[in-house]
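# Reading the structure
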Amino acid sequence: MTINIQYVRMATSEAMNEYVTGKLEKLGKKYDWVISAEVHFEVIHDPKGKGKICKIELSLPGPRIFATSNEENYESAVKETIKDLEKQLKKRKEQFSTH
């Protein structure tokens, strides 16, 4: 699986690159038909204290799947986003098995 990570209006982070790459590779081993992942990290000024945004789009057979989350730190944003993607991947796998 190819992983492309982009940082919007913020500095790049090697630690975040390693963290999200590890999580996505684990997901890629479980669902070997995932082709690539586009990851976007973004920061916005949120008065509620959140504002750390992680967006992930997975390319796979059929329509792409997308998830995003807005949390207080990037690690929890990545966890939430990947949890949402995993739900979508399970549904897609069920559709594959019925055909």
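These figures come from a predicted structure and were not determined experimentally.

Across its full length, the protein holds 2 helices and 4 strands. Across the protein, helices and strands are ordered from the amino to the carboxyl terminus as β-α-β-β-β-α. The C-alpha radius of gyration computed for the protein amounts to 14 Å, which stays within 12% of the reference 13 Å derived for 99 residues, consistent with globular compactness. With 99 residues in all, the protein has 33% of them scored as buried. Working note: accessible area of the protein is about 6200 Å², and carbon and sulfur atoms make up 50% of it.

Here we take up the nonpolar core. If you look at the biggest cluster of nonpolar residues, it comprises 23 residues, and the most contacted ones within it are Leu24, Phe41, Ile56, Leu58 and Leu89. For this core, the elements supplying multiple residues, two or more each, are α1 (14-30), β2 (36-43), β3 (52-59), β4 (65-71) and α2 (74-98). When near neighbours in sequence (up to four residues on either side) are disregarded, leucine 58 contacts Leu24, Leu27, Val34, Ser36, Ala37, Arg64, Ile65, Leu85 and Leu89.

This brings us to the packing of aromatic side chains. According to the stated counting rule, one finds 3 aromatic pairs in the structure shown. For the ring pair tyrosine 7 and phenylalanine 41, a centre distance of 5.4 Å and an interplane angle of 20 degrees mean the geometry is stacked. On the criterion of sequence distance, the pair formed by tyrosine 7 in strand β1 (residues 2-8) and phenylalanine 41 in strand β2 is long-range, its members being 34 residues apart. Exposure class is identical for tyrosine 7 and phenylalanine 41. Each is buried. With centroids separated by 5.6 Å and ring planes inclined at 85 degrees, the aromatic side chains of phenylalanine 41 and tyrosine 74 adopt a geometry described as edge-to-face. Here phenylalanine 41, found in strand β2, pairs with tyrosine 74, found in helix α2; they are 33 residues apart in sequence, far enough to count as distant. Neither residue differs from the other here; phenylalanine 41 and tyrosine 74 are each classed as buried.

Here is what the cut-offs are and how they apply
Residues numbered from 1 in each chain as written. Predicted model: local features only at pLDDT ≥ 70, side-chain atom pairs only at ≥ 80, totals over all residues. Heavy atoms only, no water. Helix = DSSP H or I, 4+ residues; strand = E, 2+ residues; numbered from the N terminus. Rg over C-alpha atoms; globule rule 2.2 N^0.38 Å. Buried < 20%, exposed > 50% of the residue type's maximum accessible area, 1.4 Å probe, protein only. Areas by Shrake-Rupley, 256 points an atom, 1.4 Å probe, with all protein chains shown as cover. Core = buried A, V, L, I, M, F, W, Y, C linked by side-chain atoms within 4.5 Å. Contact = heavy atoms within 4.5 Å. Phe/Tyr/Trp six-rings, centres within 6.5 Å; stacked < 30°, edge-to-face > 60°.

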